[in-house]
Amino acid sequence: MGIMLACLNDFILPDLLFTCPVNPLLDKLQPYPFEKLRLLFSEVTPNPAYRPISLGLGEPKHPTPAFIRQALTDNLDGLSGYPSTTGINLLRETIAAWLQRRYSLPAIDPAAQILPTLGSREALFSLAQAVLDPSEKGLVLCPNPFYQIYEGAAYLGGAEPYFVNSDPARNFACDYGSVPDGVWSRVKLLYLCSPGNPTGAVMTLDEWKNLFDLSDRHGFIIASDECYSEIYFGEKAPLGGLEAAHRLGRSGFPRLIMLSSLSKRSNVPGMRSGFVAGDAEIIRKFLLYRTYHGSAMSLPVQMASIAAWSDEQHVVENRAKYAAKFERATPLLQQALEVRLPDAGFYLWADVFSRTGLSDIEFAQRLYAEYNVTVLPGSYLARDAHGINPGRNRIRIALVAEVEECVEAIQRIVEFAKNL
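Keep in mind that this is a model prediction, so the values were computed, not measured. (Residues numbered from 1 in each chain as written. Predicted model: local features only at pLDDT ≥ 70, side-chain atom pairs only at ≥ 80, totals over all residues. Heavy atoms only, no water.)

Chemist: I'm lost on the overall build of the protein in this one. Help?
Modeler: On a plain count of helices and strands, the protein comes out with 15 helices and 15 strands. Judged by the C-alpha coordinates and their principal axes, the protein covers about 70 × 60 × 55 Å. Buried residues in the protein amount to 54% of all 420 residues. Taking contacts inside the protein between residues at least 6 apart in sequence as the whole, the part at least 24 apart equals 73%. By element, 54% of the accessible surface of the protein is carried by carbon and sulfur atoms, the whole surface being about 18600 Å². Each charge class in the protein can be summarised by its mean position, and for the 39 positive and 45 negative side chains these summaries are 1 Å apart. (Helix = DSSP H or I, 4+ residues; strand = E, 2+ residues; numbered from the N terminus. Buried < 20%, exposed > 50% of the residue type's maximum accessible area, 1.4 Å probe, protein only. Contact = heavy atoms within 4.5 Å. Areas by Shrake-Rupley, 256 points an atom, 1.4 Å probe, with all protein chains shown as cover. Lys, Arg positive; Asp, Glu negative; His and termini not counted. Charge placed at Lys NZ, Arg CZ, Asp CG, Glu CD.)

This is the structure we're talking about:
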């Protein structure tokens, strides 16, 4: 009599234990911050007197511009064919032109130095799989707090993450000077995020020079996550990695890959459209990996992306909306919590303990229960490293909703904090 074995988790036949074979490195992955938040709220009933407002998820809520939607629907016939991994020439040329305008760069080779990706998240993860050699048992340097994809990419690439804490006294810049030489010699990949998530901190040219010098000395690759680069305050745009390399005379962007996305810039997180650019040799190897990985952007999304990268007016208008929110929300929140305007991005990174005595987790849970506002505990975005968790006792507030909804949420936070 035949027996069919269904691979679920573990199941037992008499005297036999069958276990499904899976990659053991998966056991190193921690739950995502929003799963932790779901569990934190699972037994809480929020106050029904208030309508729910979520400032927890960094998901843009401004409407997608009509011309981008139109470009997408105008090209639906493109769904009938397989897209290429490299994307069409016009998309890469459009991205190259945007990079040159945005960062005052010399000519960029669209064929060799640019590759379209399905947003920046999947590229941040898959880049590690393409450039890490598991047999080397290397290190991947990550900022702390950080975007959790960096950690997962390190583990599943066969490496170990090494966390570099941010320093509030230095505008939350990572203290790379604290990293021992013995650590630098093992680093194979360095992730950085500028403007930072969740701190909003922007790398300076001196900080870039320091990292480039270390990369030259030790040979590691720098992956510069710049998905928040177009949300800033004032006239001065954040310095980018390619721009810093060019200003420092680093022709060809050696060992540097920047990653960008339309999600925040153009309010199209569901379109999953981004790119990587930089060192042509790394791009060549990454393309080979992606050919097997199967991450190719559909033609309708490519055409909508071309429209988005070609237009700046909608970006200016989007940036003005965020500036208006921060102009109203920041001084209001300062009445109750320690917080300051970030360099860029759409997060407020607030200290809750110093003026309320609550931990970040207690604050988030009680705020949800009493005022039906969701924020993210900062400790969920960081790891215990070198004796501290740099996210502990802070919360991340994502000002992604429209202006009045954000202001209402901040007013509730202030009322909650003052009434403790």
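Next, the rest of the story.
Chemist: Would you mind showing me how to read the sheet that holds strand 6 (residues 160-167) here?
Modeler: One key point about sheets: their strands pair by backbone hydrogen bonds, in either a parallel or an antiparallel sense. As summarised here, the arrangement of the 8 strands in space is 4-11-10-9-8-5-6-7, forming an open sheet in which the pairing is mixed. Each edge of the open sheet is held by one strand with a lone partner, namely strand 4 (114-117) and strand 7 (173-174). In the sheet, strand 5 (residues 139-144) pairs with strand 6 via 6 bridges, with the strands oriented parallel. Paired with N144 across the two strands is N165, which belongs to strand 6. Sitting on the sheet, helix 5 (residues 149-156) is in contact with strand 5, strand 6, strand 8 (187-193) and strand 9 (221-225), with an inclination near 155 degrees to strand 6. Sitting on the sheet, helix 10 (residues 280-293) touches strand 4, strand 9, strand 10 (256-261) and strand 11 (274-278), and the angle it makes with strand 4 is about 35 degrees. (Pairing = 2+ DSSP bridges. Axes fitted to C-alpha atoms, helices over the stretch in contact; angles between N-to-C directions.)

Chemist: Can you walk me through the pairing of strand 4 in this structure?
Modeler: Moving residue by residue along a regular strand, the side chains alternate between the two faces of the sheet. Neither face of strand 4 is open: one carries I114 and P116, the other L115 and T117, and all of them are buried. Sheet topology places strand 4 next to strand 11; 4 bridges connect them, and they run antiparallel. Looking across to strand 11, one finds that I114 is bridged to A277.

Chemist: Just to check I follow, could you spell out the side chain of S260 for this structure?
Modeler: On the secondary structure map, S260 appears in strand 10. We classify S260 as buried; its relative accessible area is 2%. Setting aside its immediate chain neighbours within four residues, S260 contacts W98, S120, E226, G274, F275 and W309.

Chemist: It is not clear to me how the environment of A320 should be interpreted in this structure. Could you clarify?
Modeler: Checked against the element boundaries, A320 lands in helix 12 (residues 313-333). Residue class for A320 comes out partly exposed when judged on its relative accessible area of 44%. For A320 and I231, which are 89 residues apart along the polypeptide, the C-alpha to C-alpha distance reads 8.8 Å.

Chemist: Is there a simple way to think about the sheet that holds strand 12 (residues 347-351) in this case?
Modeler: In space, the 3 strands of this open sheet follow the order 12-15-14, with antiparallel pairing throughout. On the outer flanks of this sheet lie strand 12 and strand 14 (376-377), each paired with one strand and no other. Inspection of the sheet shows strand 14 paired to strand 15 (residues 394-398) by 2 bridges, in the antiparallel sense. In the strand pairing of strand 15, L376 is matched with R396.

Chemist: What should I look at first to understand helix 14 (residues 360-371) in this one?
Modeler: If you check helix 14, its first and last C-alpha atoms are 16 Å apart, about what 12 residues at 1.5 Å a residue would give, namely 16 Å. Of all the residues in helix 14, the buried ones are D360, F363, A364, L367, Y368 and Y371. Around the axis of helix 14, the buried residues are gathered within 125 degrees of arc, so they sit on the same side. Residues of helix 14 that are buried in the fold lie against helix 1 (33-41), helix 13 (353-356), strand 13 (373-374), strand 14, strand 15 and helix 15 (403-418). Trailing helix 14 by a residue or two, N372 shows a phi angle of about 55 degrees, which is positive. (Expected span 1.5 Å × (residues − 1). Arc of directions from axis to C-beta.)

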